[in-house]
Amino acid sequence: MINLFGLHLQLLLGENLPTPAPLKLNEALQSVEVTAKDSDRSGFQMVFQVGRGLADRKDFALLEENKLKPFTRVVLSVLFGITPLPIMDGIITTHQLAPSDTPGQSKLTVTGEDVSVMMDLEKEERPYPQLGDNLIVPFILLPYIIDYGIIPQVMPPDDALITPVTEQTRSQTTKETDLEFIKKLASKHGFVFYVEPGLVPLTNTAYWGPPPRLSLPQPALSVNMGPGSNVETMTFSYGELSPKSLTYTKSSGGTETIDSYSRGVPLAARIPEPRKKEFLGDGPDGESDAQKRVRAQGKVNESYDSVVTAEGTLDALRYGRILKPRSLVDVRGAGDSFDGRFYVKTVTHTIDVKKGLYKQKFNLSREGLGTTTPLVVP
């Protein structure tokens, strides 16, 4: 456990069941960076100070430390009070050594990705006859439940799409990893798939379903409010080039155009009309009209993600909690156009262990201007 002036950082390491890092690793740790994304694997980086004494003529001691070997599991948690809040459960993949002639300046950088990297190692063919997509996903996740504490959260697609998938088995596709196949199934329905740390260390949630836009909002990010501000920097961007309509060809030979946003309850009051017009690309063989429509609608919805974006940095100690990606947050103090509710796309945690600094850099998005919420969560 590392004390950061009111905040504690907990580092667990181990092959299967990680345990607290030994004292020598805690003392050598200089900084930690964790980037959590909404649409891709999350990653981490730990920087250690290394040196070579008389007993280390063969190699740097930390390079021989078993707990830092590639494919070691890493669990990073922060404690604002007494409860550890995991920000990363991942696997070490890479070492980078930077020796220096200046005493105390040699660095070992250890990087890795979240535990879903273990789902992306082996390509093989396995048939899943007579199983709907929402039943295939938890079946694939079974081997990872025990090893990585994964709890599947699988949402059903539209009722019309829960049909036998005899034409969509692995035996009829090129060889894919578990992760590639799960993401392909998600794409068919306009869904997303990701793995994120659970509420307690050593657990993870594997989510397969529509982009999560119905969560309770996190406490507000306050800007331009003097002593009430908790954001150090924040900038907003607005543009209408990204929204698009998509036209697909039906099995009858006719066409249908999807040209409106339909992702649950809108976060913005003023949603622009699409200016770009495109045709839907090819999908899986045997794709039905209903499946084409869902895939087109998903891509149209995605095109609205960057109409309004915001990025900034906050002091986590002042904010008093972790800003989580793949969820909602309120913004206040920016004016009518940019106040209101946003979707959190990415969060990068940067922890300087020696200086006791903890910053969170964030990226937010929504589909238009204007707030839909008269009140925000303080």
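Here the structure is shown first, and the text comes after it.
S.K.: Report on the overall build of the protein, specifying residues and quantitative values.
M.R.: The number of helices and strands found in the protein is five helices and 22 strands. The C-alpha radius of gyration of the protein comes to 23 Å, within 12% of the 21 Å expected for a compact globule of 378 residues. Dimensions of the protein, computed from the C-alpha atoms along their principal axes, are close to 80 × 55 × 35 Å. Taken across its 378 residues, the protein has 48% of its residues classed as buried. Of all intrachain contacts in the protein linking residues separated by at least 6 positions in sequence, the fraction that spans at least 24 positions is 69%. When the accessible surface of the protein is summed, it comes to about 18,100 Å², and 54% of that surface belongs to carbon and sulfur atoms. One way to put it: in the protein the 41 positive side-chain charges average out to a point 4 Å from where the 45 negative ones average out.

S.K.: Before we move on, could you go through the sheet that holds strand β14 (residues 244-249) and cite the residues and values that matter?
M.R.: With mixed pairing, three strands are arranged side by side in an open sheet as β15-β14-β17. The two strands at the open ends of the sheet, each matched to only one other strand, are β15 (255-258) and β17 (276-279). Averaged over all pairs of adjacent strands, the angle between their axes in this sheet comes to 20°, without regard to strand direction. Where β14 lies against β15, four bridges are found, and the strand directions are antiparallel. The residue bridging Leu246 from the neighbouring strand is Ile258, located in β15. Taken strand by strand, helix α4 (residues 289-303) contacts β14 and β15, and its axis lies near 165° from that of β14.

S.K.: Can you tell me about the nonpolar core, naming the residues and giving the values?
M.R.: One finds Met46, Phe48 and Leu76 to be the most contacted residues of the largest nonpolar core, which totals 31 residues. Broken down by secondary-structure element, the contributors of at least two residues to this core are β2 (8-14), α1 (23-28), β4 (29-37), β5 (43-49), β6 (73-79), β7 (84-98) and β8 (107-114). If you look at the next biggest cluster of nonpolar residues, it comprises 27 residues, including Val231, Leu280, Phe362 and Leu364.

S.K.: Explain the packing of helix α2 (residues 133-148) against helix α3 (residues 178-188) residue by residue, including any values.
M.R.: One can describe the packing of α2 onto α3 by two numbers: an axis separation of 10 Å at closest approach and a directional angle of 160°. In terms of axis orientation, α2 runs roughly antiparallel to α3. Two packed elements cross with a definite hand, and for α2 against α3 that hand is left-handed. Together, Asp133, Ile136, Val137, Ile140, Leu141 and Tyr144 of α2 and Asp178, Phe181, Ile182, Leu185 and Lys188 of α3 make up the contact between the two elements. Taken together, the residues of the contact of α2 with α3 break down into eight nonpolar, no polar and three charged.

S.K.: Provide a residue-level description of α4, including the pertinent values.
M.R.: A rise of 1.5 Å per residue sets the reference length of α4, with its 15 residues, at 21 Å; its end C-alpha atoms lie 21 Å apart and thus fit the reference within 8%. Taken together, the buried positions of α4 are Gln291, Lys292, Arg295, Ala296, Gln297, Gly298, Val300, Asn301 and Ser303. Its buried side turned inward, α4 meets α3, β14 and β15.

S.K.: Just give me the short version of the pairing of β14, but keep the residues and values in it.
M.R.: For β14, a buried count of five out of six residues is recorded, marking the element as mostly surrounded by other parts of the structure. Judged from the four bridges that link them, β14 and β17 form a sheet pairing that is parallel. Bridge pairing in β17 places Lys244 opposite Lys276. Taken together, β14 and the strand that follows it, β15, pair antiparallel across an intervening segment of five residues, in which Gly253 is found at a positive phi of about 105°.

S.K.: Account for the sheet that holds strand β9 (residues 150-154), naming residues and giving values.
M.R.: The three strands lie next to each other as β9-β11-β10, forming an open sheet whose pairing is mixed. Strands at the two margins of the open sheet, each flanked by one partner only, are β9 and β10 (192-197). Averaged over all adjacent pairs, the angle separating strand axes in this sheet is 15°, with direction ignored. Judged from the five bridges that link them, β9 and strand β11 (residues 204-209) form a sheet pairing that is parallel. Paired with Ile150 across the strands is Asn204, a residue of β11. Relative to β9, α2 is tilted by about 165°, and along the sheet it contacts β9, β10 and β11. The strands touched by α3 are β10 and β11; relative to β10, the strand with the most contacts, the crossing angle is about 125°.

S.K.: Explain the environment of Ile145 residue by residue, including any values.
M.R.: Among the structural elements, Ile145 can be located in helix α2. A relative accessible area of 29% places Ile145 in the partly exposed class. Spatially, the C-alpha atom of Ile145 lies 9.7 Å from that of Thr205, the residues being 60 residues apart in sequence. Not counting the four nearest positions on each side in its chain, Ile145 is found in contact with Ile150 and Pro152.

What counts, and at which threshold
- Residues numbered from 1 in each chain as written.
- Predicted model: local features only at pLDDT ≥ 70, side-chain atom pairs only at ≥ 80, totals over all residues.
- Heavy atoms only, no water.
- Helix = DSSP H or I, 4+ residues; strand = E, 2+ residues; numbered from the N terminus.
- Rg over C-alpha atoms; globule rule 2.2 N^0.38 Å.
- Buried < 20%, exposed > 50% of the residue type's maximum accessible area, 1.4 Å probe, protein only.
- Contact = heavy atoms within 4.5 Å.
- Areas by Shrake-Rupley, 256 points an atom, 1.4 Å probe, with all protein chains shown as cover.
- Lys, Arg positive; Asp, Glu negative; His and termini not counted.
- Charge placed at Lys NZ, Arg CZ, Asp CG, Glu CD.
- Pairing = 2+ DSSP bridges.
- Axes fitted to C-alpha atoms, helices over the stretch in contact; angles between N-to-C directions.
- Core = buried A, V, L, I, M, F, W, Y, C linked by side-chain atoms within 4.5 Å.
- Parallel < 35°, antiparallel > 145°, perpendicular 65-115°, else oblique.
- Left-handed = near helix turned anticlockwise from the far one by under 90°.
- Nonpolar A, V, L, I, M, F, W, Y, C, P; charged D, E, K, R; others polar.
- Expected span 1.5 Å × (residues − 1).

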